[in-house]
Amino acid sequence: MDREAIKKDLLAIIDPYIDEKELTTEISESSDLINDLMINSAHLVDIVLDIEEKFDIMIEDDFIGKMDTVGDALDIISEKIAG
Amino acid sequence: MGVVAPNALNVDEFRKALQEGKSGIKRYENLGEINFKCQLGGKPPVTQEYKDEHLPHFVAQKVKNNAVIYACLSGLEAWNDAGLEIKPGGYDRKTGMLVGSGALGLDSFIEHKIYPIDQGNHRKLGSRSVPESMSSGAGAYLNSILGLRGRIFSNSSACITGSEAVLQGFEMIQSGKMERMLCASSEGDGRYIWGGFDAMRVLCSDSNEAPEKGSRPMSATSSGFIPSGGSGALVLETLEAAQARGAKIYAEILGGEVNSGGQTDGGSMTAQNPQAVVDCITTALERSGVAPEEIDLIAGHLTSTKGDPYEVINWSTALNLPKDDFPYINTPKSMIGHCVAGAGSIELVASALQLAEGFIHPNLNVEEIHPEIEKLVPLEKIPSKLIKKDIKTVIKANFGFGDLNCVLVLRKMNN
């Protein structure tokens, strides 16, 4: 699965958690989930669960702390898929 | 006002359904597969498309608890219908919200929450299981949309929850602490809520083949209630505030009373102390400055159980009118079943609609009135067909487990 395909799925996953829809037009790999996309920090665990289900992977709690940006999330997913 | 009921998804549909006598009761085959005696129920027909259209994206996509969804839908409809704006943080601290619930955490959504815990996967609960199962959850999600800053709280008092929510909102406005309150209640649906009632053998078990005949309030053949889900919501405010905004006013709340029989003198967890019911009705009338002769319509609790004749006896004792002067009496429960904690608010929406628009809705399945009721009430006062008639005063009651009673008196508003 290439990075662009993963990104497409990831953006679909985080979309419901973004209140301000105008922000969704400006998402890049450097977008910070909490500070740029204004996602409620409580919802990061939900995003992780949705990612686990979508990609059939397991993301340990240690990784959640490292998942600050869209790019970080893509790195983690790619790494987990590669096993 | 706003409403989500088994036979209607908004106030316009509900008015039409009430007038036509439309049933929202269906048979659910899955209940038979798990050995329910009563396989009937009333679930509001809310689809994913409907949620996407009427709720913010996050709530529509991610919140799964039906009680929360119904409350958000009815609450938003009420807010819009009252001519108020959705502007989070934009109303002052005299605007608040009271959303009651019954078994909020037992909605069918909970199957996805319980199993992971027992399988050692509680981390899969995510962030929403707490707000979706806490008793204040319905109001918490509704206020995540409205952003009100006054008193935000929830009540839970079994089957009187909805009418008590409205009475508490009314009292809070009367005391001057609040100027405007969104009052609502909600009940989800499904086997986890209904199973306990089926185990108590208080549900209708003789009509699985004829769902729409199952709920028969006041009938000689009533065999138990039909469980259902839904939510009603009413915006209450001072007359001055409503008139200053030019708001649509459905009805005036004159007063009410809530009490308990203390589970004594005939009262118990599941039965009402008759003296306390009579006291609740007479006190509500006194507080409202209304004489029994002025009542045009009794909007009863009347669940379609063996309790119905006792309820009517209590009404008769409290009002103490000659049989010929007994008011009209009805309940939407023959169409929508018993929405438990949602019942009071949904039924108050029905009461206010009948006052505002001059009609008395029919009762379904009243071909054979219970003989004890027939002794006290002339048959023509238990309508089986729509009556178009200007009515001025409605008395609304709900009675609940724990020997709880709540009565409200509403009057037509002459705009």
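Keep in mind that this is a model prediction, so the values were computed, not measured. (Residues numbered from 1 in each chain as written. Chains lettered and ligands numbered in written order. Predicted model: local features only at pLDDT ≥ 70, side-chain atom pairs only at ≥ 80, totals over all residues.)

### Some points on the overall build of chain A
- The number of helices and strands found in chain A is 4 helices and 0 strands.
- Written out in order from the N terminus, the α and β elements of chain A read α-α-α-α.
- A globule of 83 residues ought to have a C-alpha radius of gyration of about 12 Å, and chain A, at 12 Å, matches this closely.
- In terms of overall dimensions, chain A has C-alpha extents of about 35 × 25 × 20 Å along its principal axes.
- Relative to its 83 residues, chain A shows a buried fraction of 22%.
- In chain A, the proportion of contacts linking residues at least 24 apart, taken out of those at least 6 apart, comes to 55%. (Helix = DSSP H or I, 4+ residues; strand = E, 2+ residues; numbered from the N terminus. Rg over C-alpha atoms; globule rule 2.2 N^0.38 Å. Buried ≥ 20, exposed ≤ 12 C-beta atoms within 10 Å, placed from the backbone. Contact = placed C-beta atoms within 7 Å.)

### Considerations on the nonpolar core
- Counting residues in hydrophobic clusters, the biggest one holds 106 residues, and the most contacted among them are B:Leu234, B:Ile281 and B:Val349.
- If near-sequence neighbours (up to four positions away) are discounted, B:Leu234 is found in contact with B:Met1, B:Ala78, B:Val166, B:Cys183, B:Ser345, B:Leu348 and B:Val349.
- Listed in part, the 15 residues of the second largest apolar core include A:Leu33, A:Leu44, A:Ile47 and A:Met67. (Core = buried A, V, L, I, M, F, W, Y, C linked by C-beta atoms within 7 Å.)

### Side note on the UniProt feature "domain: Carrier" (unreviewed entry) in chain A
- Per the UniProt record, "domain: Carrier" (unreviewed entry) is annotated on residues 1–81 of chain A.
- Helix makes up 49% of residues 1–81 of chain A and strand 0%, and the two end C-alpha atoms of the span are 8 Å apart. (UniProt positions renumbered as here; feature names shortened; annotations may be inferred.)

### Focus on the sheet that holds strand β1 (residues 2–4) of chain B
Residue and element names in this part refer to chain B.
- Strands sit in the order β1-β7-β6-β4-β5 across an open sheet of 5 strands; the sheet is mixed. What marks the edges here is a single partner per strand, and that holds for β1 and β5 (152–153).
- With 7 bridges joining them, strand β4 (residues 95–101) and strand β6 (residues 180–187) adopt parallel strand pairing. Residue Gly 96 lies in a different strand from β6, and its bridge partner there is Met 181.
- Where helix α9 (residues 161–174) meets the sheet, its contacts fall on β4, β6 and β7 (230–237), and the angle it forms with β6 comes to roughly 170°. (Pairing = 2+ DSSP bridges. Axes fitted to C-alpha atoms, helices over the stretch in contact; angles between N-to-C directions.)

### Focus on the packing of helix α1 (residues 11–20) of chain B against helix α15 (residues 343–357) of chain B
Residue and element names in this part refer to chain B.
- The contact between α1 and α15 brings their axes to 11 Å, and the two run at 80°. Relative to α15, the element α1 lies roughly perpendicular. Only Val 349, Ala 350, Leu 353 and Glu 357 of α15 make contact with α1, whose side of the interface consists of Val 11, Phe 14, Arg 15 and Leu 18.
- Residue composition of the contact of α1 with α15, grouped by class: 6 nonpolar, no polar and 2 charged. (Parallel < 35°, antiparallel > 145°, perpendicular 65-115°, else oblique. Nonpolar A, V, L, I, M, F, W, Y, C, P; charged D, E, K, R; others polar.)

### Brief notes about unusual backbone geometry
Residue and element names in this part refer to chain B.
- At Asn 35, a residue that is not glycine, the phi angle is positive and equals roughly 70°.
- Structurally, the position occupied by Asn 35 is in the loop between α2 (29–33) and β3 (40–41).
- Among the residues examined, Asn 35 registers 9 C-beta atoms within 10 Å and is labelled exposed.
- In this structure, Val 340 takes a positive phi of about 50° despite not being glycine.
- Among the structural elements, Val 340 can be located in the loop between α14 (333–336) and α15.

### Considering the sheet that holds strand β14 (residues 404–412) of chain B
All names here are of chain B.
- Taken in spatial order, the 5 strands make up an open sheet running β8-β14-β13-β9-β10, and their pairing is mixed. A strand with exactly one partner marks an edge of an open sheet, and here the two such strands are β8 (251–260) and β10 (328–330). In this sheet, neighbouring strand axes are inclined to one another by 20° on average, regardless of whether the strands run parallel or antiparallel.
- Two elements, strand β9 (residues 297–299) and β10, share 3 bridges in a ladder whose sense is parallel. Within β10, the residue paired with Ile 298 across the bridge is Ile 329.

### Section: helix α2 (residues 44–55) of chain A
All names here are of chain A.
- For α2, built from 12 residues, the straight-helix expectation of 16 Å at 1.5 Å per residue is met to within 8% by its first-to-last C-alpha distance of 16 Å.
- Considered for burial, the residues of α2 that qualify are Leu 44, Asp 46, Ile 47, Val 48, Asp 50 and Ile 51.
- Of the surrounding elements, those touching the buried residues of α2 are α1 (3–14), α3 (61–64) and α4 (70–82).
- Phi for Asp 56, located one or two positions after α2, is positive at around 55°. (Expected span 1.5 Å × (residues − 1).)

### Details of the environment of B:Tyr192
Residues and elements named next belong to chain B.
- Positionally, Tyr 192 belongs in helix α10 (residues 191–199).
- A tally of 17 C-beta atoms within 10 Å means that Tyr 192 is categorised as partly exposed.
- Setting aside residues up to four positions removed in sequence, Tyr 192 forms contacts with Leu 106, Ser 108 and Ile 110.

### Some remarks on the pairing of strand β13 (residues 393–400) of chain B
Residue and element names in this part refer to chain B.
- Judged by how many residues are buried, β13 sits mostly within the fold: 8 of 8 residues are covered.
- Going residue by residue along β13, you find Thr 393, Ile 395, Ala 397 and Phe 399 tucked away on one face and Val 394, Lys 396, Asn 398 and Gly 400 tucked away on the opposite face as well.
- Note: β13 against β14, 8 bridges, orientation antiparallel. Pairing of Asn 398 across the sheet is with Cys 406, part of β14.

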